[in-house]
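Working through the structure, step by step
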Amino acid sequence: MIHILPPEIVAQIAAGEVVGRPASVIKELVENSIDAGAREIRIEVTDGGKSMMRVADDGCGIPADEVELAFRRHATSKLASVEDLTRITTLGFRGEALASIAAVSRVTCATRAAGEETGTLIRLEGGEVVSRRPIGRPPGTMVTVEDIFYNVPARRKFLRSSATERRHIDAWVTRYAMAYPTLRFVLVHDGREVFRSSGTGQMRDVLVAVYGVEVGSALLEVLPEEDATVRVEGFVSPPYLHRADRGEITLFVNGRWVQDARLTYAIIQAYHTLIPTGRYPLAVVMVTLLPEDVDVNVHPAKAEVRFRDGDEVFRAVQRAVRQAVTEEGRIPTMQAISGPAPVTRPPELRFPEGAQRKPFQPTPMPLMAPPVSSGAKLPVLRVVGQVAATYIIAEGPDGLYLIDQHAAHERVLYERLMAQRASGIPVQPLLEPVAVDLPPEWAGLVEVHQETLRRLGLEVEPFGGNTFLVRALPVALTSAHPRDVLTEVAQGLAEEWEGKGAGGRRSGEAVAEEEIERAILRRVCKQGAIKAGQMLSREEMEELLRALERCESPRTCPHGRPTMIHISAAQLAREFQR
Ligand code: ADP
Ligand code: MG
């Protein structure tokens, strides 16, 4: 029977487009603070946002008689006419975020508009106003979001671990901090400040806060051309700094973070022949053009844009980045980590005075990225011990190595499975098949890719509805739980299809089989690898290091994160002022 859905269900469905996970709440609230002209934005999160998220700003505030309205759907102060849609200069314009957030959580908003005497405190649950009273507070707005998805159990169930949700939040906050260097961002997780940008207006300062002094100061500046209609500026890595995936290519168009496969490709193209194939630069590139030359109203989460003249933008980006990279003129001889000489830095590296390296997500890159040649292989390492049941301490010919046991084992498994792929990955049938329920949007993907999964050693068959039977796993994975493996793989497939995977393509675009296979294997390895917190015997550590020494790219995990930190003998001597 056809019937019209009740309004609360309509609201929850609509909210789903804007609020996918805690990080999307942070993104929307921070965008509102930026639109409100804030100078300082403070973000507090507990439990990766699952229990509480708070964004406080010193912006223009919301007038007392408009506070309820701000939480109504399609209520915005940023658009007045249809023509405005063609020249949007604010991050928000759809009037959907606050309504969507309020529909799926408990929200408290404390705000005071610049010209008003007192502020307003309002509380909403599931989109309904439950209380409201005047309060005294400084001008600005503070929105607190608690118990996200408390009334949408289906979504609450799919929240990932606090650590994962936290990583997504970190990514958003650092993106905005990079794009808005004149604003001060403070990020607090579970009561601990983990990131702060100084608001000096220098993007380089933010990059140092995000990536650490070494990488932050090594990045090359992309300088905008005078009077160009498409202005391109930012920072990109010198050719010797590269990563295993495109995850560190960050693009902004008119101050808005966007995913754009074509522009990402323009940046990668600019490095053509300068970095090894299969490796990617790190870049933060801001494109500015007239608002009427770009359509930002393509996507509810506003993550995609359409250009009036895409070719022109493509060429402008490629040219500007290429110029920054080649003007550098010098590609330092790549030095294997095993080299006995201390790491030589390019001469013009600047280390801002008093700056401290601040390790923060996204993880800092090793200064000398592994070249593809076998020169990147590891020297023979001697196990010294294990710290925090998570890291292996080892000694090599040139100093100390701290190895992340999980990341290292992921790398070992990944290369092993990639090598076995050609001749067939050895499979271990399960004594009893294990039934695994998947969310419907993932189930379809697993079904479609069943053959690929089988080829990679994961024997899975549909068992009615969204349930699958796992019959066999790759031998390398015998300690992992089949349910975890399949769920992880399904999620990997979903991300690949949504264009969020390492491939960085637009959602819906065809995904190459090869990319799919790699994405599956990366996920499989993540589940199969030794976990952090697992005590290892000396023999196990030895075995892991021997296997790592045999890897082609031992210094990064399949997701591109470092497997190890190397502290050279020279660095040690420097630290101890010997
Ligand atoms: P949009 O940003 O698309 O306009 P939102 O639902 O995010 O829609 O916000 C609705 C309105 O609430 C905004 O247009 C703005 O007027 C007001 N608002 C939201 N957050 C803030 C804030 N931090 N400071 C001042 N005004 C705000
Ligand atoms: Mg908004």
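Residues numbered from 1 in each chain as written. Chains lettered and ligands numbered in written order. Predicted model: local features only at pLDDT ≥ 70, side-chain atom pairs only at ≥ 80, totals over all residues. Heavy atoms only, no water.

Observations regarding the pairing of strand β2 (residues 52-57)
Our working definition: Classification of residues uses two cut-offs on accessible area relative to the type maximum, computed with a 1.4 Å probe and protein chains only: under 20% is buried, over 50% is exposed, and between them is partly exposed. Segments assigned H or I by DSSP are reported as helices when at least four residues long, segments assigned E as strands when at least two residues long, and all are numbered from the N terminus. If DSSP finds at least two bridges between two strands, the strands pair.
The element β2 is largely enclosed, with a buried count of five among its six residues. Judged from the six bridges that link them, strand β1 (residues 40-46) and β2 form a sheet pairing that is antiparallel. Across the sheet, residue V45 finds its bridge partner in β2, namely M53. Taking the residues between adjacent antiparallel strands as the criterion, β1 and β2 are bridged by five residues, where D47 takes a positive phi near 60 degrees. Judged from the six bridges that link them, β2 and strand β6 (residues 140-146) form a sheet pairing that is antiparallel. Pairing of M53 across the sheet is with V145, part of β6.

Let's talk about the site of ligand 1
Counted only if it meets this: Only a single heavy atom is needed: when it lies within 4 Å of a molecule or strand, its residue is near that molecule or strand. Polar contacts, as used here, are pairs of N or O atoms within 3.5 Å; protein pairs need one atom able to donate a hydrogen and one able to accept it. Residues neighboring in sequence count only if both atoms are side-chain atoms. Method for areas: the Shrake-Rupley scheme with a 1.4 Å probe, in which residue coverage is limited to the protein chains shown. Residue polarity is assigned by list, with Asp, Glu, Lys and Arg as charged and Ala, Val, Leu, Ile, Met, Phe, Trp, Tyr, Cys and Pro as nonpolar; anything else, Gly included, falls into the polar class.
Inspection of the region around ligand 1 gives 20 residues, with N32, T76, S77, K78 and G95 positioned closest. Contact distances for ligand 1 include 2.8 Å between an oxygen atom and a side-chain N or O atom of N32. In the complex, the protein chains occlude 92% of the 530 Å² of accessible area that ligand 1 would expose alone. At the level of elements, α2 (22-35) and α4 (97-103) are the ones that each hand at least two residues to the shell around ligand 1. Tallied by class, the residues present in the shell around ligand 1 amount to eight nonpolar, eight polar and four charged.

Comments concerning the packing of aromatic side chains
Keep this limit in mind: Aromatic pairs are defined between Phe, Tyr and Trp rings, using the six-membered ring for Trp, whenever the two ring centres lie within 6.5 Å; interplanar angles under 30 degrees are classed as stacked, those over 60 as edge-to-face, and all others as tilted. The criterion for a charge sitting over a ring is simple: Lys NZ or Arg CZ within 6 Å of the ring centre, and within 35 degrees of the ring normal.
Taken as a whole, this structure holds five aromatic pairs when the rule is applied. Ring geometry for W172 against W257: centres 4.9 Å apart, planes inclined by 80 degrees, an arrangement best described as edge-to-face. Taken together, the residues W172 in helix α6 (residues 162-179) and W257 in strand β12 (residues 256-258) connect sequence positions 85 residues apart. In this pair, the class of W172 matches that of W257, namely buried. Each ring, one from Y265 and one from F314, has its centre 6.5 Å from the other, and the planes form 35 degrees; the classification is tilted. On the criterion of sequence distance, the pair formed by Y265 in helix α9 (residues 261-270) and F314 in helix α10 (residues 310-327) is long-range, its members being 49 residues apart. Among the aromatic residues, those joined into a cluster by ring pairs are W172, Y176, Y180 and W257. Its guanidinium or amino end placed over the ring of W172, R175 lies 4.7 Å from that ring's centre, counting from NZ or CZ. Across from the ring centre of W257, 3.9 Å away, lies the NZ or CZ of R175, which sits over that ring.

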